[in-house]
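Commentary on secondary and tertiary structure
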Amino acid sequence: MGSYVEQARENHVKKKVEEALRSKMKAKALNECDQYVSKYAECATGRTFSVVWTCRKQAKELNTCLHQFTNDKVLEEMKREYMIQEEGKVSASTA
């Protein structure tokens, strides 16, 4: 019974870490693609439904840029880096 609770806690922590990493990944992507965000925002200003077809080019450019920084490969790399950092903290505290 105890191992089930420990496993549930561990999974919860993993989910929280993954959520934090996803959030960090998205923030980095928006920062890296700032010029495309600005172009899209400029195009969309004052529009409602017409933004879909009027700003299609800007939206496509923005999505292409964002996808470079928000995909599974990037997330897995961030997870790997996080695990290396955590292992370093554990080994430093036990040394």
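Residues numbered from 1 in each chain as written. Predicted model: local features only at pLDDT ≥ 70, side-chain atom pairs only at ≥ 80, totals over all residues. Heavy atoms only, no water.

1. Here we look at the overall build of the chain
- Scanning the chain from N- to C-terminus turns up 5 helices and 0 strands.
- Seen in sequence order, the chain has helices and strands lined up from the N terminus as α-α-α-α-α.
- Taking all 95 residues of the chain together, 15% fall into the buried category.
- Contacts in the chain between residues at least 24 apart in sequence constitute 65% of all its contacts with a sequence separation of at least 6.
- Of the roughly 7800 Å² of accessible surface on the chain, a fraction of 55% belongs to carbon and sulfur atoms. (Helix = DSSP H or I, 4+ residues; strand = E, 2+ residues; numbered from the N terminus. Buried < 20%, exposed > 50% of the residue type's maximum accessible area, 1.4 Å probe, protein only. Contact = heavy atoms within 4.5 Å. Areas by Shrake-Rupley, 256 points an atom, 1.4 Å probe, with all protein chains shown as cover.)

2. Here we look at the packing of helix α2 (residues 34–44) against helix α4 (residues 56–69)
- Axis separation between α2 and α4 bottoms out at 9 Å; the angle between their running directions is 155°. With respect to α4, the element α2 is oriented roughly antiparallel. Where α2 crosses over α4, the handedness of that crossing is left-handed. Taking contact as the criterion, the partners of Y36, V37, K39, Y40 and C43 in α2 are, on α4, Q58, A59, E61, L62 and C65.
- The class makeup of the residues in the contact of α2 with α4 is 7 nonpolar, 1 polar and 2 charged. (Axes fitted to C-alpha atoms, helices over the stretch in contact; angles between N-to-C directions. Parallel < 35°, antiparallel > 145°, perpendicular 65-115°, else oblique. Left-handed = near helix turned anticlockwise from the far one by under 90°. Nonpolar A, V, L, I, M, F, W, Y, C, P; charged D, E, K, R; others polar.)

3. Notes on the state of the cysteines
- Applying the stated criterion across every chain, the model contains 2 disulfides.
- Covalently, C33 is tied to C65 through a disulfide, its sulfur atoms 2.0 Å apart. Of note, the bridge from C33 to C65 carries an S-S torsion of about -90° and is left-handed in sense. With C33 in the loop between α1 (2–32) and α2 and C65 in helix α4, the pair connects residues that are 32 residues apart, well separated along the chain. With respect to class, C33 is no different from C65; both count as buried.
- Here C43 is linked by a disulfide to C55, with a sulfur-sulfur distance of 1.9 Å. Handedness here is read from the sign of the S-S torsion; for C43 and C55, about -95°, the answer is left-handed. (Disulfide = S-S within 2.5 Å.)

4. A closer look at the pattern of salt bridges
- Throughout the structure, instances matching the rule amount to 5 salt bridges.
- K79 is paired through a salt bridge with E18; the nearest N and O atoms lie 3.3 Å apart. Here the residue K79 occupies a position in helix α5 (residues 72–94), and E18 occupies one in helix α1, the gap between them amounting to 61 residues.
- For K79, a relative accessible area of 24% translates into the label partly exposed.
- For the salt bridge of E77 with R80, the shortest nitrogen-to-oxygen distance reads 2.8 Å. Here the residue E77 and the residue R80 both occupy positions in helix α5, the gap between them amounting to 3 residues, near one helical turn.
- By relative accessible area, R80 is classed as partly exposed at 44%.
- Taken together, the shared-partner salt bridges connect E18, R22, E76 and K79 into one network. (Salt bridge = Lys/Arg side-chain N within 4 Å of Asp/Glu carboxyl O.)

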